[in-house]
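Fold and geometry: a report
Here's the letter readout for the chains.
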Amino acid sequence: MSIGKKLLWFGVAALGTLAIAILALSRGEQISALWIVIAGFCALSISYRFYSNWLATKVLVLNEERATPAVLKNDNKDYVPTNRWMVFGHHFAAIAGPGPLVGPVLAAQFGFLPGTLWILIGATLGGGVHDMIVLFASIRRGGKTLGQMVKEEIGPGVGLLALVSVLAIMIILLAVLALVVVQALAQSPWGVFTIAVTIPLALIMGIALRTGKVSVLVVTIFGLLGLAFGVWGGQFLAHFPAIEAWFRHDQKWLAWAIMIYGLAASVLPVWMLLTPRDYLSTFLKLGTVGMLAAAVVLINPTLQMPALTKFVDGTGLVFAGPVFPFVCITIACGAVSGFHSLIASGTTPKMIRRESRIRPIGYGAMVTEMMVALMAMIAACVLQTGEYFAINTKGTPTEVVAKVSAAGFPVTEPQMQSLATNLGESTMFNRAGGAPTFAVGMAHMFARVSAKPTALALWYHFAIMFEALFILTTIDAGTRVGRFLLQDFLGNVWRPLGNTRSWTANFFSSVLLVAAWGWFLYEGVIDPLGGINSLWPLFGLANQLLSVVALCLGTTLLIKMHKSKYLFVTLVPLCFMCAVTFSAGYLKVFSADPRLGFLSGAQSLLREASGMADSTKAAELIRQAGVWRFDALVAVFFLVLVLGIVLGSARQWWQLMRGTKRVVLHESEFVQISPAQLAQF
């Protein structure tokens, strides 16, 4: 590296350090949100340029002459060599679900500093390594899923239990993600119109590319023009009531529509719908995030939220729990996410043409998602603190205003009514969950660039549509990955069902999977107070537990590759995630605080029900207490299972390091390809 480049990278490192120092040390003064953007870009640049390159060349030793599963098993359905930008678009769209949008918004109750630091450190040293190593492992093992690899590397018994647990988590996760989309799109013609437009666009793009007569550039331009029409044109539906009625639907209709779409995305060849649609969605995702970053630079908003709030002790208004471990659990996909391991061992390894692309797709997509999470943190923290807490606190308007103001964040009912009116909504009270808060913050920043009086309402509804589209791309890829997992499991019962080359087996497995998460989705739609909604606190925990399993696999792989001197790259994040998940799991089950612990919360509901005169309300409280006890049982099951996997892995590491167990690498056949063949990819 030349002296000039060394000075350049030294300057980037110094600027990033300065940004973090200002964010961490400044007290009693307003700080520009621009410092978060600067810290993020510096961390992204340095970690990708140096750390990911070191992982690729020294630790994993990526080999350009090793044929990938997409080349070896090309079946034009699941294993399809695909353009690298299309694969990146698919992978990023699949992993970037609600976590990087909603998680940082909720974690902002601790202040902007804890969440920002965890996103920067977790994504670069944990999440990027996690995603890259699982993608590498799956490609070296013929595109096998996480469950299959755990079964082969750790043991058949533990592997089978891991497969069952991963599949169960996937079903519940998909149902809740679908429920979030349904709630966002219900009675929203603009959002439904935009998403509906992307489906035929994706089919046309996929078929055009498949003919080989149309270049990726031409298809991309066509798709972007169509996407722009879908985003821009949706706002004018109100002028055409007859057409608007085609896109205005209730939650039940939308639930069935999403189930049908999920089935199609799972069954159709990956090149026809899934890949081009995710690729198209990525432009909207990255374009919107880029616009947010540009808005921060242009308007230079100040962070209204303090660096640390009094709620770090666990008494938060948004959710209960101390800053550690719940800042990590809440942010989830924005830093380290077990769900990423399912995509990295599901659809993506079956499309990558060359091993060198593991780095930009595995690590690059993760640090890009890191920037999304930082933008969400900014969107939440530039709001007036009183408004932020009032939006996310449950209760009547009078109760919420009194509770938030008493906590030291003044807010009034007229202030909240004025906010709702400007956004084109009837009220902004009881809008907990993070998504509305992100939309409000995003709308405030975009509206300040425009002088139109209706800009705030326009951008707010655009943000709601954007969030729905953001999450939907996780559902389609997740359903296909879930089908792979289900076929892995069913193949142990009857081998033909595990054959992914069989259309019959694929369709049967897809129907079973969609029926499973569709049932939970429909229950959530018709009974929004119970069913799947009550399991929401488990999702962050289950997601992080999956990352523990994936990092155990990565550590085992490094030992078998005789890379023991590099074990710290997986062991450090593994130990930290074990501390996070097991401490969070213990608190969620056994905490004496009824707002936090499942068991104490259930007991509190039963006491309340025993003194209630209204038998109907008492019965509802008793039912809810039963659900919370079930949540506790599920949490304990997952914790015990993952603890068994960790202990089983550690035992195997000890045997491998001592040389008492023979190293068996379950890798795909090493196939050398000629320079002429290599040029095709």
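Residues numbered from 1 in each chain as written. Predicted model: local features only at pLDDT ≥ 70, side-chain atom pairs only at ≥ 80, totals over all residues. Heavy atoms only, no water.

1. Describing the overall build of the chain
Scanning the chain for helices and strands turns up 27 helices and two strands. Whereas a compact globule of 681 residues would reach a radius of gyration of roughly 26 Å, the chain reaches 24 Å, a difference of no more than 12%. Taken along its principal axes, the extent of the C-alpha atoms in the chain is 70 × 60 × 55 Å. Across the 681 residues of the chain, 59% fall into the buried class. Of the roughly 26,300 Å² of accessible surface on the chain, a fraction of 68% belongs to carbon and sulfur atoms. (Helix = DSSP H or I, 4+ residues; strand = E, 2+ residues; numbered from the N terminus. Rg over C-alpha atoms; globule rule 2.2 N^0.38 Å. Buried < 20%, exposed > 50% of the residue type's maximum accessible area, 1.4 Å probe, protein only. Areas by Shrake-Rupley, 256 points an atom, 1.4 Å probe, with all protein chains shown as cover.)

2. Overview of the packing of aromatic side chains
All chains considered together, the criterion is met by 21 aromatic pairs. Ring centres of phenylalanine 446 and tryptophan 459 lie 4.6 Å apart, and the angle between their planes is 55°; this geometry places the pair in the tilted category. Note that phenylalanine 446 is positioned in helix α20 (residues 435-447) and tryptophan 459 in helix α21 (residues 455-493), a separation of 13 residues in sequence. Residue class for tryptophan 459 comes out partly exposed when judged on its relative accessible area of 22%. A connected cluster of aromatic rings, assembled from ring pairs, spans Tyr51, Trp54, Tyr363, Tyr566 and Phe568. The residue whose ring lies beneath arginine 49 is phenylalanine 50, and the NZ or CZ to ring-centre distance is 4.7 Å. It is lysine 350 that lies over the ring of phenylalanine 484; its NZ or CZ is 4.4 Å from the centre. (Phe/Tyr/Trp six-rings, centres within 6.5 Å; stacked < 30°, edge-to-face > 60°. Lys NZ or Arg CZ within 6 Å of the ring centre and 35° of its normal.)

3. Side note on empty space enclosed by the protein
Summed over all chains, the structure comprises three cavities of 30 Å³ or more. Roughly 80 Å³ of internal volume is contained in the largest cavity. The wall of the largest cavity is formed by Ala162, Ser165, Val166, Ile169, Ala542, Leu545, Leu546, Val549, Phe638, Leu641, Val642 and Ile645. Counting only elements with at least two residues in the lining of the largest cavity, the list comes to α8 (156-185), α23 (536-560) and α26 (615-658). Of the residues contributing to the lining of the largest cavity, the split by class is eleven nonpolar, one polar and no charged. Lining the second largest cavity, in full, are Ala168, Ile169, Ile172, Leu538, Phe539, Ala542, Val634 and Phe638. For the lining of the second largest cavity, a count of residues per class yields eight nonpolar, no polar and no charged. (1 Å grid on protein atoms, 1.4 Å probe; cavity = no way out; pocket = protein on both sides within 12 Å on 5 of 7 lines; lining within 4 Å. Points joined across faces, edges and corners; volume = space filled by probe spheres on them. Nonpolar A, V, L, I, M, F, W, Y, C, P; charged D, E, K, R; others polar.)

4. Overview of unusual backbone geometry
Across the junction of phenylalanine 324 and proline 325, the peptide omega takes the value 15°, indicating a cis bond. Tracing the backbone shows proline 325 in helix α14 (residues 323-331). Residues other than glycine seldom take positive phi values, yet asparagine 76 does so here, at roughly 65°. Along the chain, asparagine 76 turns up in the loop between α3 (69-72) and α4 (84-95). Of note in the backbone geometry, alanine 332 takes a positive phi value of approximately 50° without being a glycine. By the element assignment, alanine 332 lies in the loop between α14 and α15 (339-344).

5. Observations regarding the side chain of glutamate 369
If you trace the backbone, glutamate 369 turns up in helix α16 (residues 358-381). Under the relative-accessibility criterion, glutamate 369 is labelled buried at 0%. Discounting chain neighbours no more than four positions away, the residues touching glutamate 369 are Phe92, Ile95, Ala96, Pro100, Cys333, Gly334 and His340. (Contact = heavy atoms within 4.5 Å.)

6. Topic: the layout of surface pockets
Put simply, the second largest pocket is a space of about 460 Å³. Around the second largest pocket sit 20 residues that line it, and Gln148, Gln487, Asp488, Gly498 and Thr500 are the ones nearest its centre. Within the residue set of the lining of the second largest pocket, elements represented by two or more residues are α7 (146-154) and α21. Partitioned by chemical class, the residues of the lining of the second largest pocket number three nonpolar, ten polar and seven charged.

7. Re the confidence of the model for the chain
The pLDDT averaged across the chain works out to 85; a share of 94% of its residues lies at or above 70. Residue range residues 664-678 is modelled with pLDDT below 50. Its contacts to residues more than four positions away, or to other chains, number 28 contacts. (pLDDT = per-residue confidence, 0-100.)

8. Description of a nonpolar patch on the surface
Together, Phe229, Trp232, Phe236, Phe240, Ile243 and Trp246 line one region of the surface with nonpolar side chains, adding up to about 680 Å² of accessible area. Listed by contribution, the elements that provide at least two residues to the nonpolar patch are α10 (216-233) and α11 (241-247). Tracing the sequence through the fold places tryptophan 246 in helix α11. Look at tryptophan 246 and you get exposed, because its relative accessible area is 60%. (Patch = residues over 30% accessible without salt bridge, like charges linked within 9 Å, V, L, I, M, F, W, Y side chains within 5 Å. Salt bridge = Lys/Arg side-chain N within 4 Å of Asp/Glu carboxyl O.)

9. So, the state of the cysteines
For the structure on display, the rule yields zero disulfides. Cysteine 328 provides the cysteine sulfur closest to cysteine 333, a residue in no disulfide bond, and the two sulfurs are 13 Å apart. Residue classification places cysteine 333 among the buried positions, given a relative accessible area of 10%. Cysteine 328 supplies the cysteine sulfur nearest to cysteine 381, a cysteine that is in no disulfide, at a spacing of 16 Å. (Disulfide = S-S within 2.5 Å.)

10. Concerning the packing of α10 against helix α13 (residues 274-299)
Where α10 contacts α13, the two axes come as close as 10 Å, and the packing angle between them is 60°. What the angle tells us is that α10 and α13 run oblique. Here α10 runs over α13; the crossing is right-handed. The residues of α13 that touch α10, namely those facing Val216, Thr220, Gly223, Leu224, Leu227 and Val231, are Tyr279, Leu280, Phe283 and Leu284. Residue composition of the contact of α10 with α13, by class: eight nonpolar, two polar and no charged. (Axes fitted to C-alpha atoms, helices over the stretch in contact; angles between N-to-C directions. Parallel < 35°, antiparallel > 145°, perpendicular 65-115°, else oblique. Left-handed = near helix turned anticlockwise from the far one by under 90°.)

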